[in-house]
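Inside the fold
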Amino acid sequence: MNPDGASWSERRMNTQLRHFARTLVAGALLLAGPLASSADFQAGTHYKLLKPAQPTNVAPGKVEVVEAFWYACGHCYLIEPKVEAWEKKGKPANVQLVKLPATWNPMLQTHARLFYTVEELGKPALHGAIFREMNVRGNRLDTPEAIEAFLVSQGVAKADFQKAYAGFNVDTNFKRALDLNRRYRITSTPTFIVNGKYVTDVGMAGSEARLFELIAFLAAQEKPAG
């Protein structure tokens, strides 16, 4: 017996219980960490509500996240590798990312047609090359002739480019982009729209890391399509 009347086995049991309690508290704090940070996201500060909410166009069981971008936007160029990494390894499984080229002036509209031409050609690797051409080399690619010359230099057949660029599918997608830009009220890039209801960007979120946390937080509030 020790002076306070507790045996060695009792003291050992008390020590184990205290250790167990500390472990439970630590675990609870770890679990509460993401929830606590998510609770910091506030409408009007970190994101805006889009009114009226807009319909989505994704597969059943998915929550749509639209990235409105512009090839010649330096911020878009810098964040694009992080968006790609997030799409491959970081985004929630039920989120579907959709790219939307911005269209608020004639140059952006030319670049929107370029985006949909690359999609029609089935050459997604060219998107990165276009970002670099504009942001690193300073080639604005602001005319159909400049776009044709560049894509041909990247291995696209001239006839294939001309067929796609003037084709029905590119024209249809371009007109839809014009409509979506109007309904989402896109005036800057990159801008993200979650499930047709929430609008945010890096500045509103506070940082790039917080942006992806915020998108996941907002997506978790939503019922998947279908």
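Residues numbered from 1 in each chain as written. Predicted model: local features only at pLDDT ≥ 70, side-chain atom pairs only at ≥ 80, totals over all residues. Heavy atoms only, no water.

Digging into the pattern of salt bridges
Just so we agree on the cut-off: For this document, the term salt bridge refers to a Lys or Arg side-chain nitrogen within 4 Å of an Asp or Glu carboxyl oxygen. Secondary structure elements follow DSSP: runs of H or I of four or more residues count as helices, runs of E of two or more count as strands, with numbering from the N terminus. Each residue is placed in one exposure class: buried if its accessible area under a 1.4 Å probe, protein chains only, is under 20% of its type's maximum, exposed if it is over 50%, and partly exposed if it falls in between.
In total, this model carries 12 salt bridges according to the counting rule given. Between Glu208 and Lys82 there is a salt bridge, with the nearest N and O atoms lying 2.5 Å from each other. Residue Glu208 is located in helix H9 (residues 208-220), and its partner Lys82 is located in helix H2 (residues 74-90); the two are separated by 126 residues in the primary sequence. On the basis of relative accessible area, Glu208 is assigned to the partly exposed category, the value being 25%. Arg182 is the salt-bridge partner of Asp179, the closest N and O atoms lying 2.5 Å from each other. Note that Asp179 and Arg182 are positioned in helix H7 (residues 168-184) at a spacing of three residues, about one turn of the helix. Judged by its relative accessible area of 27%, Asp179 is partly exposed. Counted as one network, the salt bridges with shared partners bring together Glu67, Glu80 and Lys99.

Description of the packing of aromatic side chains
How we decide: Each aromatic pair joins two rings of Phe, Tyr and Trp (for Trp, the six-membered one) with centres within 6.5 Å, and gets the label stacked for planes under 30 degrees apart, edge-to-face for over 60, and tilted for any other angle. We call a charge positioned over a ring when the NZ of a Lys or the CZ of an Arg lies within 6 Å of the ring centre and within 35 degrees of the ring normal.
All chains considered together, the criterion is met by 10 aromatic pairs. Relative to Tyr71, the ring of Phe69 has its centre 5.3 Å away and its plane inclined at 80 degrees; by these criteria the two rings are edge-to-face. We classify Tyr71 as buried; its relative accessible area is 2%. Grouping aromatic residues by their ring pairs yields a cluster made of Phe69, Tyr71, Tyr77, Phe115, Tyr116 and Phe131. Arg113 extends its terminal NZ or CZ atom over the ring of Phe174, reaching a point 4.3 Å from the ring centre.

Quick notes on the nonpolar core
Our working rule: Working definition of a nonpolar core: buried Ala, Val, Leu, Ile, Met, Phe, Trp, Tyr and Cys residues. They are joined through side-chain atoms within 4.5 Å. Two residues qualify as a contact provided that any one of their heavy atoms is within 4.5 Å of a heavy atom in the partner residue.
If you look at the biggest cluster of nonpolar residues, it comprises 34 residues, and the most contacted ones within it are Tyr71, Leu114, Ile130, Leu151 and Tyr184. Mapped onto this core, the elements with two or more residues apiece are strand S2 (63-69), helix H3 (106-121), helix H4 (126-135), helix H5 (144-153), helix H6 (158-165) and H7. Those residues within four positions of Leu114 in sequence are excluded, and the remaining contacts are Tyr71, Ile130, Met134, Leu141, Ile147, Leu151 and Tyr165. Formed by 20 residues, the second largest nonpolar core is a distinct cluster that contains Phe41, Val194, Phe212 and Ile215.

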